[in-house]
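Structural features, examined
One letter stands for each residue in the lines below.
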Amino acid sequence: MASERTLAIIKPDAVVANNIGNILAIIEGKKFSIKKAEMLRLSKQKAEGFYAIHSDKPFFSNLTDFMSSGPIFVMVLDGKHAIQRWRETMGATNPAEAGPGTVRNLYGTSIERNATHGSDGPQTAAFEISYFFPGYKMAK
């Protein structure tokens, strides 16, 4: 399989805890290539747009409040099987269930404050990358 791209976010909890460098070291250690990156702060409205698929879920308001509570670090990661590999590198959504050495096991503190986000499939990756990097070309 050729390389693919995925969106990765270092969430506000990990940014405020000064874990960007630690997480980037894991990303580089797993041989991902960072194609684009930016530190930004989401407005509540921008967070709601990004997580619109979850708008009917009970956690939606808390999630969007959290994601707009501080800076985030967004990246386009590239590599062979990047989507699945990044999801494995992040670990389970609940840090208490995440495997040893995964980002969420190391830096997440709760299911709500779990340090990272990653796309769950190719279509999601395309949407999410274009949400943060309009006009970004998915092709190499």
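Just so it is clear, the model here is predicted, and its values are computed rather than measured.

To continue, consider the overall build of the chain. Counting its regular elements, the chain contains seven helices and four strands. Listed N to C, the secondary structure of the chain is β-α-α-β-α-α-β-α-α-β-α in terms of helices and strands. Structurally, the chain occupies a C-alpha span of about 40 × 35 × 25 Å along its principal axes. The buried share among the 140 residues of the chain stands at 46%. Put simply, of all contacts in the chain between residues at least 6 apart along the chain, 75% involve residues at least 24 apart. Accessible surface computed for the chain: about 7,100 Å², of which carbon and sulfur atoms make up 53%.

The subject of this paragraph is the layout of surface pockets. Of the voids in this model, the largest pocket is the one considered here, and its volume is about 740 Å³. The wall of the largest pocket is formed by 26 residues, among which Tyr-51, His-54, Phe-59, Leu-63 and His-117 lie closest to the centre. Listing elements by their share of the lining of the largest pocket, those giving two or more residues are helix H3 (44-50), helix H4 (60-67), helix H5 (82-90), strand S4 (116-118) and helix H7 (122-132). Here the residues of the lining of the largest pocket sort into ten nonpolar, nine polar and seven charged.

Let us look at the side chain of Arg-104. Looking at the secondary structure, you find Arg-104 in helix H6 (residues 103-107). Among buried Asp, Glu, Lys and Arg side chains, Arg-104 stands out as unpaired, with Asp-13 the closest opposite charge at 8.4 Å. Not counting chain neighbours up to four residues away, the residues in contact with Arg-104 comprise Met-90, Gly-91, Ala-92, Thr-93, Pro-95, Ala-98, Asn-114, Thr-116 and His-117.

What follows covers H5. Among all positions in H5, only Ala-82, Ile-83, Trp-86, Thr-89 and Met-90 are buried. Viewed end-on, H5 has its buried residues packed into an arc of 130 degrees, placing them on one side of the element. Contacts from the buried residues of H5 go to strand S1 (3-10), helix H2 (20-29), strand S3 (71-80), H6, S4 and H7. One or two residues past the end of H5 sits Gly-91, with phi positive at roughly 90 degrees.

Take the sheet that holds S4 next. A sheet is described by the order of its strands in space; here four strands give the open sequence S2-S3-S1-S4, paired in antiparallel fashion. Of all strands in the sheet, those with a lone pairing partner are strand S2 (33-41) and S4, marking the two edges. Neighbour-to-neighbour, the strand axes of this sheet turn through a mean angle of 20 degrees, independent of strand direction. Bridge count between S1 and S4: three bridges; the pairing is antiparallel. Bridge assignment links Ile-9 to a residue of S4, and that residue is His-117. Most of the contacts of H5 go to S1, to which it runs at about 35 degrees, and overall it touches S1, S3 and S4.

One non-glycine residue, Asn-18, lies in the positive phi region at around 60 degrees. Structurally, Asn-18 can be placed in the loop between helix H1 (12-16) and H2. Accessibility expressed as a relative area gives 67% for Asn-18, which makes it exposed. Not every positive phi belongs to a glycine, and Ala-115 is a case in point at roughly 75 degrees. Checked against the element boundaries, Ala-115 lands in the loop between H6 and S4.

Cut-offs used in this document
- Residues numbered from 1 in each chain as written.
- Predicted model: local features only at pLDDT ≥ 70, side-chain atom pairs only at ≥ 80, totals over all residues.
- Heavy atoms only, no water.
- Helix = DSSP H or I, 4+ residues; strand = E, 2+ residues; numbered from the N terminus.
- Buried < 20%, exposed > 50% of the residue type's maximum accessible area, 1.4 Å probe, protein only.
- Contact = heavy atoms within 4.5 Å.
- Areas by Shrake-Rupley, 256 points an atom, 1.4 Å probe, with all protein chains shown as cover.
- 1 Å grid on protein atoms, 1.4 Å probe; cavity = no way out; pocket = protein on both sides within 12 Å on 5 of 7 lines; lining within 4 Å.
- Points joined across faces, edges and corners; volume = space filled by probe spheres on them.
- Nonpolar A, V, L, I, M, F, W, Y, C, P; charged D, E, K, R; others polar.
- Lys, Arg positive; Asp, Glu negative; His and termini not counted.
- Salt bridge = Lys/Arg side-chain N within 4 Å of Asp/Glu carboxyl O.
- Arc of directions from axis to C-beta.
- Pairing = 2+ DSSP bridges.
- Axes fitted to C-alpha atoms, helices over the stretch in contact; angles between N-to-C directions.

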